[in-house]
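Residue-level listing of the chains:
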Amino acid sequence: QKEVEQNSGPLSVPEGAIASLNCTYSDRGSQSFFWYRQYSGKSPELIMFIYSNGDKEDGRFTAQLNKASQYVSLLIRDSQPSDSATYLCAVNPSFSGGYNKLIFGAGTRLAVHP
Amino acid sequence: SQTIHQWPATLVQPVGSPLSLECTVEGTSNPNLYWYRQAAGRGLQLLFYSVGIGQISSEVPQNLSASRPQDRQFILSSKKLLLSDSGFYLCAWGRQGAYEQYFGPGTRLTVT
């Protein structure tokens, strides 16, 4: 079982719609969850993080965390073509020996079409 | 504000040649530093991490090595490159005690 799983996509949504990206993780002790956006050929960029159950909103982005079900989601409202990218989910392992490591999923490719 | 630099941006090297990639961070002190590799169409693989000068931990045994000669400098090296070393190499930094990591622009390495 992979530690952090994401659907590879592509997830295709029309411009203006809500894009919903999902991530499941296997380590019940994980406490910190991150979403990175990676444009083709570029490095990942941190866009959201969440530590507590529930929702966290930042502009058009909402991160949702459900620790009991071990999933974290990213919602993008009013999707724009510029949101087209690969979205990486990252989770801290419950034991990282003080090195603050993250485990990354393989990413979901989002395509927003006009 | 903090800035992370990597160079070179792209590199084409023959099999068996040496490698040296450099990463530097500005605007912070005593950062955690990380080297990742991303193969084409694949996820991020953590290679090395460091919590301080001279303190390097290896995540995956391979023909690569890392060094941290200065607080904000992280170097990835190889004595002899393999074809399988091709990929996108990313350096990242994070604050001590925090999990957020911030990536540099990356080096795209092609081994021929």
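Structure first, text after, so check above.
Residues numbered from 1 in each chain as written. Chains lettered and ligands numbered in written order. Predicted model: local features only at pLDDT ≥ 70, side-chain atom pairs only at ≥ 80, totals over all residues. Heavy atoms only, no water.

1. What about the interface of chain A and chain B?
To keep things clear, this is the line we draw: It only takes one pair of heavy atoms within 4.5 Å for two residues to be counted as in contact. Throughout, the accessible surface (probe 1.4 Å) given up by two parts as they are put together, summed over both, is called the buried area. The rule for a salt bridge is simple: a side-chain nitrogen of Lys or Arg has to be within 4 Å of a carboxyl oxygen of Asp or Glu. Contacts described as polar in this section are N or O atom pairs within 3.5 Å, which, within protein, must combine one atom able to donate a hydrogen with one able to accept it, while residues neighboring in sequence count only if both atoms come from side chains. By definition, any uninterrupted DSSP run of H or I lasting at least four residues is a helix, any uninterrupted run of E lasting at least two residues is a strand, and each is numbered from the N terminus. Side-chain classes follow a simple rule in which Ala, Val, Leu, Ile, Met, Phe, Trp, Tyr, Cys and Pro form the nonpolar group, Asp, Glu, Lys and Arg form the charged group, and the remainder, Gly included, forms the polar group.
Contact with chain A, which involves 22 residues of that partner, is made by 25 residues of chain B. Of the roughly 1,800 Å² buried between chain A and chain B, counting both surfaces, carbon and sulfur atoms make up 57%. Our enumeration of links across chain A and chain B arrives at 1 salt bridge. For the pair chain A and chain B, the interface holds 9 residue pairs in polar contact (both at pLDDT 80 or more). Broken down by secondary-structure element, the contributors of at least two residues to the side of chain A that touches chain B are strand S4 (33–38) and strand S5 (45–50) of chain A. Tallying contributions element by element places S4(A) first for the side of chain A that touches chain B, with 3 residues. Residues belonging to the side of chain A that touches chain B are distributed by class as follows: 11 nonpolar, 9 polar and 2 charged.

2. Brief notes about the sheet that holds strand S3 (residues 19–26) of chain B
All names here are of chain B. Spelled out, the test is: Note on pairing: two strands pair once DSSP finds at least 2 bridges between them. In this analysis, axes come from line fits to C-alpha atoms, helices being fitted only over the stretch in contact, and the angle between any two N-to-C directions falls in the range 0 to 180 degrees.
Read across the sheet, 4 strands follow the order S1-S3-S8-S7 without closing on themselves; strand pairing throughout is antiparallel. If you trace the sheet from one side to the other, it starts and ends with strand S1 (3–7) and strand S7 (64–70), each paired once. Neighbouring strand axes in the sheet, compared pairwise and without regard to direction, differ in orientation by 20 degrees on average. Relative to strand S8 (residues 73–78), S3 runs antiparallel, the two being bridged by 6 bridges. The partner of Leu 19 across the bridge, within S8, is Ser 78.

3. Regarding the pairing of strand S6 (residues 54–58) of chain A
All names here are of chain A. Bridge count between S6 and strand S7 (residues 61–66): 5 bridges; the pairing is antiparallel. Bridging from a neighbouring strand, Glu 57 pairs with Thr 62 of S7. Here S6 folds back onto S7, and the loop between the two strands holds 2 residues, one of which, Gly 59, carries a positive phi near 65 degrees.

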